[in-house]
Structures are given as structure tokens and as C-alpha cells.
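Here's the letter readout for the chains.
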2 protein chains.
Amino acid sequence: MPNGTTPKLTAKGKATRGRIVEGAAAVLRERGVGAATLEDVMARTRASKSQLFHYFPGGKDELLLAVAQFEADQVLEDQQPYLGRLDSWEAWQHWRDAVVARYEQQGDQCPLGSLFHQVGRATPGARAIVVELMRRWQDALAAGMREQQAAGRLPSDLDVDTRAAALLAGIQGGVSILLSTGESDHLRAALDQGIADLRRTGEGLALSPR
Amino acid sequence: MPNGTTPKLTAKGKATRGRIVEGAAAVLRERGVGAATLEDVMARTRASKSQLFHYFPGGKDELLLAVAQFEADQVLEDQQPYLGRLDSWEAWQHWRDAVVARYEQQGDQCPLGSLFHQVGRATPGARAIVVELMRRWQDALAAGMREQQAAGRLPSDLDVDTRAAALLAGIQGGVSILLSTGESDHLRAALDQGIADLRRTGEGLALSPR
DNA sequence: GGTAGAATGGACTGCACGGTCCAGACGAAG
DNA sequence: CTTCGTCTGGACCGTGCAGTCCATTCTACC
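Thresholds applied
- Residues numbered from 1 in each chain as written.
- Chains lettered and ligands numbered in written order.
- Predicted model: local features only at pLDDT ≥ 70, side-chain atom pairs only at ≥ 80, totals over all residues.
- Heavy atoms only, no water.
- Helix = DSSP H or I, 4+ residues; strand = E, 2+ residues; numbered from the N terminus.
- Buried < 20%, exposed > 50% of the residue type's maximum accessible area, 1.4 Å probe, protein only.
- Contact = heavy atoms within 4.5 Å.
- Near = heavy atom within 4 Å.
- Polar contact = N/O pair within 3.5 Å; in protein donor to acceptor, adjacent residues only side chain to side chain.
- Expected span 1.5 Å × (residues − 1).

In the annotation of an unreviewed UniProt entry, chain A is listed under the name TetR/AcrR family transcriptional regulator and assigned to Actinacidiphila acidipaludis.

Draft legend 1. Representation of the side chain of A:Ser88 in the model. Residue and element names in this part refer to chain A. The topology assignment puts Ser88 in the loop between α4 (60-77) and α5 (89-106). Ser88 sits in the buried class, given a relative accessible area of 17%. The contact partners of Ser88, leaving out residues within four places of it in the chain, are Gln148 and Arg153.

Draft legend 2. Broad picture of the protein's contact with DNA strand C. Near DNA strand C you find 18 residues, and of these A:Lys60, B:Ser50, B:Gln51, B:His54 and B:Tyr55 are the closest. Counting only the atoms of DNA strand C that lie within 4 Å of the protein, the sugar and phosphate share comes to 58%. One of the side-chain nitrogen or oxygen atoms of A:Lys60 is found 2.9 Å away from a phosphate oxygen of DNA strand C. Within the side chain of B:Ser50, a nitrogen or oxygen atom sits 2.3 Å from a base nitrogen of DNA strand C. Looking at the surface near DNA strand C, the elements with two or more residues in it are α3 (49-55) of chain A together with α1 (11-31) and α3 (49-55) of chain B. The biggest single contributor to the surface near DNA strand C is α3(B), with four residues.

Draft legend 3. Structural view of helix α1 (residues 11-31) of chain A. Residues and elements named next belong to chain A. Given a rise of 1.5 Å per residue, 21 residues ought to cover 30 Å, and the 30 Å separating the end C-alpha atoms of α1 matches this to within 8%. Of the positions making up α1, those classed as buried are Gly13, Thr16, Ile20, Val21, Gly23, Ala24, Ala25, Ala26, Val27 and Leu28. Of the residues one or two after α1, Gly32 is the one with positive phi, at around 85°.

Right under this line is the structure:
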């Protein structure tokens, strides 16, 4: 039974724990999940082994899970404020730019992807984190489309959820290819094509009844 | 300096080597890259350790690379003959079905994805395999679109390569999400949306000149 | 049918890395 | 100022697993 938090945490403890998670995240991005060791994390965060196991009694797996949650939150945060306010085609474009920039800068390390390749399908925890991230992401996209519907820039009978799912898939694939090849062409293509398709769907809608 | 093949290979040797690669591929799919050990492979293929190192002097990494190549070839092969003959919208649909079926059946194990998460960005070999796979895949899609152009079912000025890139990204993302969540909705959505978008692009083209 | 080289078996090694333990410093609360 | 619990340091352990070595058997070729 995985309980949420270890024992009591004082202010100092909280800080240390946070330091460990952030440091571990950095190490994982650099070294990759397979290669990263607890000692790497210790060196990076200047924490002793007992600290690691003090804050993450479940050992490496629990730490990885914490990092995964941290990274997952980061993903959506990095898209704000654009992702939360997709109420014009310009806003969509800004969001697109933010996504491309974020992942181009991140380069070829996949904090999340590799994480649950390690902890992976086995544990329910890891999967839950990814599922939740995808859900929130897709919901945000769908919400943006609904705003455009409300503004009369998308047909009201558009299957928003499917469209959002397809767009999200395009992003994921683009990122995935970026990670393996180092080229962001596919990410750009997927985003541009997805948005263009959307815009064209709404074309000439202004003249439809109120 | 990584040479292509070990020393001389007799017929028997070739068979054994092949057996090892296939067995290793199976083990990797089941256990995941991180968890799979050489001893697992030994058990599965009934090969001794010296055999492993006889055929793959580079050790585990070289074996993983061989498996990666094997799996990469498999991916495209599994889409044939549909992928090679995308000369009608029905053919595109058949291909779509084949892709969905293949990945739904594969379930939640990612032979390739996890492979180069392990060997990964570090080695040039792994990246090359993935890059090559993506290139061939995308080329096949682009070729299919060109056939549709030739048949007058797609505008001749369509930017085929970008469209193929976007579609490929959608597939990759759909698969990637399928792997993490177990749901194939996104893969279906990406494929259906991508193809529908394509078809709509070619709509009403029959009445164009000639 | 003999020999050179490939193919196989399996014991052995080394060590990296996750995890445990205890001893001691620090901080909060009464 | 005492006390209790959190926090930290670092030595220590066990082992799982990649990789090595040599001895033996099989295969091809003359």
C-alpha cells in the first residue's frame, strides 16, 4: 500500500526532499533512466544515502515515481499561460510556438517517456501519472476548441474530443521522433497540420446563422 | 570499431545467431529492456553464455542493437502489402486497419521505443536504426500520396512530405499513448483524422482540368 | 581421416549498485 | 535544559549480472 508521504516533514525536510527530486530529475534527464544511479543523485544533490531512503522509503522506484510526477506537472506548466487560453487562432499559434520551443530546447532527453519505460507498465503508479497527464492535456485542447466553437469559429457539431485526441497524438509522436532523431520537423508538421486542419474546418463559418 | 559481423558464420552458426536474436526480441518484449538479462535470453534460446559473446562480441549492447534492427524491419513488414500499395482510398483504409490491428495486438510493449531508451542517444548505431525506419516509413506514406496525386485524387501541389511527416507523427504518438495507457483511441483518432483530412483535401478534384 | 577453425558448455570473476544499519547532530516543544 | 523525533553521515552488506576463460565437441575442407 503506497502511502502518499513518508513520515512528518519539517520545513527543512521538505526543502531537502524537494532538492532531491529536482536533482534526481536533472540527473535522469542527463544520464537517462537506465544509466542513472542513486549515487549520481547523491553526488548531484549532496545528499547521503540515508537521506534518500529517509524521504523515499520505497527506494529507487518511489523516487522515480516522484520525479515522474514532478516532470509531468512541469510539462503542462511550461505551456502556460497559452494552453489555458486558446480563445483565438493567434492564441493557438502562440501555444504552438511555446510547445515547439519547449521541446526543441529540451533536446533529446525524454524525462517522462523513459521514466515509465523503467518503472513502466508493471507499476500502477507510473501509468496513472501518464494517463492523468494525457487526460489533462487533451482536456485543455478540447476546452480551447470549445472556446472557438463558442466564438463561432468552429462548427458547433465538431467532434471536439476526437480532434483533441488526434492533435495530442500528433504532438506526442512529434516529440517522440524529436527525441530519437533530434529533428523537430515532425513536431512542427503535426502541430501546423493539426491547427490548419482545424482552421479550415471553421472556414466561412461567420456567415452561418448566429 | 564496430565491425558488421563477427567472424565466419557456418550455416549452423547463422541459425543459432538468428535463434538468439529472435529469442532475445521476445524476452525484451516481455520483460522490458531494463529488466531483461542475458540469462533470460540464455534460458529462452537455450544458448550458453559463450555463445552469446561468440556471436555478439560487443556484449549486451551489440545484441540489443541487432534486436533493434530486427524489430525495425518487422514494423514495416507487418504493414505490407498495404503500405506498399496505397493507390486508392480503400487501400489507405486497409492500411489503417492493419496498423491499428498490429499495435492493438502488440499491446503495451514497445520493442523499439524502449530499446533505444537503453542503448539510446549515446550510441550512434541505435539512432541510425530509428532514423532509417522513420525515413522509410514516411517515404512509403509520401509515395502513397503521390499515387493519389497521379490518379487525380489529391491536388498536385500538395506538400506531400510535410503531410506524410504529420501523419507519421500522429501514428507514433498514437502508438506511444497506446503503450502508456493501453488505449488505442488516440492511434485511431490520429489515423482517421489524418486520412479524412487528406481525402477532404482532394474533394471535388475530379472536375479539375483533364 | 586428419586438422584447423567454428560452435558449445559451464565454471569463475569482479564489481557496481540498491539497500540496511547504527551512531550522532540538529531542531522543536514543554 | 531536557527530551523526543526528525535529519544526516557514512560504513557495510548481498547479490545480480555482464563479461572472461578454458576445455570440449562439432563441421568443413583437403
